[in-house]
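So you can see what is in the structure, the chains are spelled out below.
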Amino acid sequence: MNQASALMNTITTPNEYKQAYQQSVEDPEKFWAGVASDFLWRKNWDQVLQWDFAKPEVKWFDGAKLNITENCLDRHLLERGDQTAIIWEPNDPQEDHITITYNELHQRVCQFSNALKDMGVVKGDRICIYMPMIPELAVAVLACARVGAIHSVVFAGFSSSSLADRINDASCKMVITADGSYRGEKIVELKKITDDALQSCASIEKVIVVKRTGKEVNMQENRDVWWHDAIDDMADTCEPEVMDAEDMLFILYTSGSTGKPKGMVHSSAGYMVYTNYTFRNAFQYQDGEVYWCTADVGWITGHSYILYGPLSAGAVTVMFEGVPSYPDMGRFWQVVEKHKVNIFYTAPTAIRALEKADLSFVEKYDLSSLRVLGTVGEPINEEAWHWYDKNIGKGGCPIVDTYWQTETGGFMISPIAGITETKPAFATLPMPGVQPALMDKDGNEIGGNAVEGRLTIKFPWPSMARTIYGDHERFKQTYFSAFEGKYFTGDGAKRDEDGYYRITGRVDDVIIVSGHNLGTAEIESAIDEHDKVCETAVVGFPHDVKGNAVYAFVICYQAPSDEDTLRKEILETVSDIIGPIAKPDKIQFVGGLPKTRSGKIMRRILRKIASSDTSNLGDTSTLLDPSVVDEIMAGAIN
Ligand code: WTA
């Protein structure tokens, strides 16, 4: 690597950030070629970037050949084979933690890759992974990538019907799961949920099951295989499949404003280069440091910043099986002390929940190892930011508020730890390569500072999603049609007098509850499945721990005689159809919904009622029946 590319690859001063940013805008191809020169390629690219947002089509490093796992594993073996790659911390603090070195991880991934091949998996097959946060999850993800299979990880909190929908959408050939998972005091019976799902999944040929809880499960002959049997006798080396730069690496589902969840497709080379670059720079990761991201691998944060980013950077990454509240509200801090975590990355919702607990849960532990803190998933409120800064960072750890999305693959707007001056609740400045533009409602770009608008990105970056699996037209409509020639994030943002960005939240019908994206349409159709329910409208309202919570206005065929029982049934219905994360906090039974004469629900009004902000409901003159509003207001649940 020459000196120029070394400079481009690692930012160490505010000036270097400026230089890197400037070059990434002036000559993006040169900039990213410089960053990419640091990786292991089987063949170099022919062209750094081809793009057309009208189609939309984006190709990075086209012509290059690689396997991402060679970059996450093989290339580290000489230099750091015996260094820890993963520290696995179990749900129960009494159970021993596990450390896995790069050598061991390489062996385990190869062994499981051979098992996959032995079971007939070939390049391009889709494999669904529905697993607890155990080491085998990391192994499964990487083994898919090694053999060229496309992983589709489904968060293990989703219901059987959500799992079935995702399996069917991508016609997965195999599911990798476990007998069960531990979540605090609860056991979730993953295999049973999988069995239920598979009743409606014709494409599945094989199921691999990790033994985690040891509880008895049904194993279907000729279909289900125990993980330990599958790897038995398998060699621990495995030649990686050589992939094209733009070959699909994975599918990951995310909720949209309308319709069913979208299978976002990420490709190999650009995703690898960008997650590695942003991981190292935003956190200023130093060799040997212990890095802990508390997300689940079932979400994009876990894909990019527990596995691919850190492992490609040769980092020590912590995988935590449990929850922040078990056995008590001090668990995060106990783990930080135990593993001497240097970089800690979590969600505002977790910070707010822990902020509510007694400070003694924090003070009990030695947090002096911490150097950098991070947050992700939703806007962080100033109070939570200050609490995090003062009580966890002790005033001395930069907070990187990383703004990004499943669709963006990696950080879009984020401070560079210790280099970008932070401001509470601001994601601050774009990462090199990211060109944000704020737009007004008429589609004009808003120039200057101290302005607010809809956040778009006007130039491609390497880790952007390439399509929605099986529905390129929806990809185009959702992200590239609102503002011509620009990627629309769905978020609103302010740019202050210093050019710093503050994300104000979703401007569409996606609600972020405890950091999880939920589509209102998805929840509405789940509630409508209850046979007593005729129609539903769902909106978000502010919640002091979850950020937002779900408020459902429900019309029944007949006024319910026992509202509480019906509420419980509706919650169960939502849990069964989507998963517990989508359960509404409030359900109000109403006689009608505020609709325009053309039949459109005026959610703006419902949002105000749900937020107890009814002093000015705005123009209601276009409503078909304005009296509905008074009735809803009278019965509103505060
Ligand atoms: C929101 C998570 C404010 C935003 C990585 C985005 C944020 C959605 C932040 C994507 C942040 C994420 N500040 N808002 N730092 N990070 N968001 O796909 O609304 O689960 O569009 O990806 O979360 O959520 P997703």
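Residues numbered from 1 in each chain as written. Predicted model: local features only at pLDDT ≥ 70, side-chain atom pairs only at ≥ 80, totals over all residues. Heavy atoms only, no water.

Asks: An account of the environment of Ile 578 is requested, with residue identities and associated values reported.
Replies: Examined against the element boundaries, Ile 578 turns out to sit in the loop between α19 (563–577) and β30 (586–589). For Ile 578, a relative accessible area of 3% puts it in the buried group. Ile 578 sits 356 residues away from Asn 222 along the chain, and the two C-alpha atoms are 29 Å apart. With sequence-adjacent residues up to four places away left out, Ile 578 is seen in contact with Phe 158, Ser 159, Ser 162, Glu 522, Ile 523 and Ala 526. (Helix = DSSP H or I, 4+ residues; strand = E, 2+ residues; numbered from the N terminus. Buried < 20%, exposed > 50% of the residue type's maximum accessible area, 1.4 Å probe, protein only. Contact = heavy atoms within 4.5 Å.)

Asks: Please provide a residue-by-residue account of the side chain of Gln 284, values included.
Replies: For Gln 284, the location among the structural elements is in the loop between α11 (268–282) and β16 (290–293). Polar side-chain contacts of Gln 284 include one of 2.9 Å to the backbone oxygen of Ile 11. Within polar-contact distance, the side chain of Gln 284 engages the backbone oxygen of Asn 281 at 3.0 Å. Beyond its immediate sequence surroundings of up to four residues, Gln 284 is in contact with Ile 11, Thr 12, Phe 279, Glu 289, Arg 371, Ile 416, Ala 417 and Ile 419. (Polar contact = N/O pair within 3.5 Å; in protein donor to acceptor, adjacent residues only side chain to side chain.)

Asks: Can you break down α19 residue by residue, with the values?
Replies: For α19, with 15 residues, the first-to-last C-alpha span of 21 Å sits near the 21 Å given by 1.5 Å per residue. Turning to α19, its buried residues are Leu 566, Ile 570, Thr 573, Val 574 and Ser 575. The first or second residue beyond α19 is Gly 579, which carries a positive phi of 150 degrees. (Expected span 1.5 Å × (residues − 1).)

Asks: Tell me about the sheet that holds β30, and please be specific about residues and values.
Replies: Taking strand neighbours across the sheet as the criterion, the 3 strands line up as β28-β29-β30 in an open arrangement whose pairing is mixed. Only two strands of the sheet have a single partner each, and these edge strands are β28 (533–543) and β30. Taken pair by pair, the neighbouring strands of this sheet meet at an average axis angle of 20 degrees, ignoring direction. Note: β28 against strand β29 (residues 547–556), 10 bridges, orientation antiparallel. Across the sheet, the residue bridging to Gly 540 is Val 550, located in β29. (Pairing = 2+ DSSP bridges. Axes fitted to C-alpha atoms, helices over the stretch in contact; angles between N-to-C directions.)

Asks: Describe the site of the ligand, and please don't skip the residues or the numbers.
Replies: Close to the ligand lie 17 residues, the nearest being Asp 401, Thr 402, Thr 406, Asp 491 and Arg 506. Thr 402 places a polar main-chain atom, nitrogen or oxygen, 2.8 Å from a nitrogen atom of the ligand. Between the ligand and the protein, one listed contact pairs an oxygen atom with a side-chain N or O atom of Thr 406 at 2.5 Å. For the ligand, the protein covers 96% of the area, taking 530 Å² as the surface of the free molecule. Secondary-structure elements contributing two or more residues to the shell around the ligand are α12 (300–312), β20 (399–402) and β25 (501–506). When its residues are assigned to classes, the shell around the ligand shows 7 nonpolar, 6 polar and 4 charged. (Near = heavy atom within 4 Å. Areas by Shrake-Rupley, 256 points an atom, 1.4 Å probe, with all protein chains shown as cover. Nonpolar A, V, L, I, M, F, W, Y, C, P; charged D, E, K, R; others polar.)

Asks: Lay out helix α2 (residues 14–26) with the relevant residues and their values.
Replies: Counted at 1.5 Å a residue, the expected span for α2 with its 13 residues is 18 Å, and the 18 Å between its end C-alpha atoms agrees. For α2, the full list of buried residues reads Glu 16, Tyr 17, Ala 20, Tyr 21, Gln 23 and Ser 24. Each buried residue of α2 lies within a common arc of 165 degrees when the element is viewed along its axis, so the set occupies one face. Residues Lys 18 and Glu 26 are exposed on α2 and point more than 90 degrees away from its buried face. (Arc of directions from axis to C-beta.)

Asks: So, the packing of aromatic side chains: which residues are in play, and what are the values?
Replies: With the rule as written, the count across this model stands at 44 aromatic pairs. A centroid spacing of 5.4 Å and a plane angle of 75 degrees characterise the contact between Trp 32 and Tyr 277, whose relative ring orientation is edge-to-face. With Trp 32 in helix α3 (residues 28–36) and Tyr 277 in helix α11, this residue pair connects regions lying 245 residues apart in the sequence. Assigned by exposure class, Trp 32 and Tyr 277 land together as buried. Taken together through their ring pairs, the aromatic side chains of Phe 31, Trp 32, Trp 41, Trp 45, Trp 60, Phe 61, Tyr 274 and Tyr 277 make up a single cluster. It is Lys 211 that lies over the ring of Trp 226; its NZ or CZ is 4.7 Å from the centre. Above the ring of Phe 426, the side-chain terminus of Lys 423 is found at 5.4 Å from the ring centroid. (Phe/Tyr/Trp six-rings, centres within 6.5 Å; stacked < 30°, edge-to-face > 60°. Lys NZ or Arg CZ within 6 Å of the ring centre and 35° of its normal.)

Asks: Mind laying out the pattern of salt bridges, listing which residues take part and the relevant values?
Replies: Applying the stated criterion across every chain yields a total of 38 salt bridges. A salt bridge links Lys 43 to Asp 46, with the shortest nitrogen-to-oxygen separation between them at 3.3 Å. According to the relative accessible area criterion, Asp 46 is exposed, its value standing at 63%. In this structure, Arg 607 and Asp 509 form a salt bridge, with 3.1 Å as the shortest nitrogen-oxygen distance. Remark: Asp 509 occurs in the loop between β25 and β26 (510–513) and Arg 607 occurs in helix α20 (residues 603–610); sequence separation between them is 98 residues. Its relative accessible area of 35% is what places Arg 607 among the partly exposed residues. In the salt-bridge network here, residues are joined through shared partners; they are Lys 191, Asp 195, Arg 223 and Asp 224. (Salt bridge = Lys/Arg side-chain N within 4 Å of Asp/Glu carboxyl O.)

Asks: Could you give an account of the domain arrangement of the chain, with specific residues and numbers?
Replies: Examined at the domain level, the chain breaks down into domain 1 (69–241) and domain 2 (510–634). Taken over C-alpha atoms, the centre of domain 1 sits 37 Å from the centre of domain 2. At the junction of the two partners, domain 1 supplies 6 residues and domain 2 supplies 7 residues. Taken over both partners, the interface formed by domain 1 and domain 2 buries close to 450 Å², and the fraction arising from carbon and sulfur atoms is 49%. At the boundary of domain 1 and domain 2, one finds 0 salt bridges. There are 6 residue pairs in polar contact (both at pLDDT 80 or more) connecting domain 1 and domain 2. (Domains from an automatic or database assignment. Buried area = accessible area lost by both parts, 1.4 Å probe.)

Asks: Break down unusual backbone geometry for me, citing the residues and quoting the values.
Replies: Backbone geometry follows two general trends: most residues other than glycine have a negative phi, and most peptide bonds adopt the trans configuration. Between Lys 55 and Pro 56 the backbone carries a cis peptide bond, its omega angle lying at -20 degrees. Here Pro 56 shows up in the loop between β1 (47–52) and β2 (57–62). Each neighbour pair has its own omega, and for Tyr 326 with Pro 327 the value is 0 degrees, a cis peptide bond. Considering the arrangement of structural elements, one finds Pro 327 in the loop between β17 (316–320) and α13 (331–339). Residue Ala 450 is not a glycine yet carries a positive backbone phi of 55 degrees. Locating Ala 450 in the fold gives a position in the loop between β21 (436–439) and β22 (451–457). Assessed through its relative accessible area of 56%, Ala 450 is described here as exposed.

Asks: I'd like to hear about the nonpolar core, residue by residue, with values.
Replies: Nonpolar side chains in soluble globular proteins generally cluster together in the buried interior. In this structure, Trp 41, Phe 61, Phe 112, Leu 116, Ile 176 and Trp 333 are the most contacted members of the largest nonpolar core, which totals 198 residues. Residue contributions to this core peak at 10 residues, all from helix α7 (residues 135–147). The two domains that each donate at least three residues to this core are domain 1 (69–241) and domain 2 (510–634). Here Ile 176 is in contact with Phe 112, Leu 116, Ile 127, Cys 128, Ile 129, Tyr 130, Met 131, Ala 140, Ile 208 and Trp 227, once residues within four sequence places are set aside. (Core = buried A, V, L, I, M, F, W, Y, C linked by side-chain atoms within 4.5 Å.)

Asks: I'd like a description of the confidence of the model for the chain, backed by residues and values.
Replies: Detailed reading of the predicted coordinates is not advisable wherever pLDDT is low. For the chain, per-residue confidence averages 96 on the pLDDT scale, and residues scoring 70 or more make up 99% of the total. The element-level mean pLDDT for the chain is lowest in helix α1 (residues 3–9), coming to 56, with α7 highest at 99. Low pLDDT, under 50, characterises residues 1–7; the predicted model gives this stretch 8 contacts beyond four residues in sequence or across chains. (pLDDT = per-residue confidence, 0-100.)

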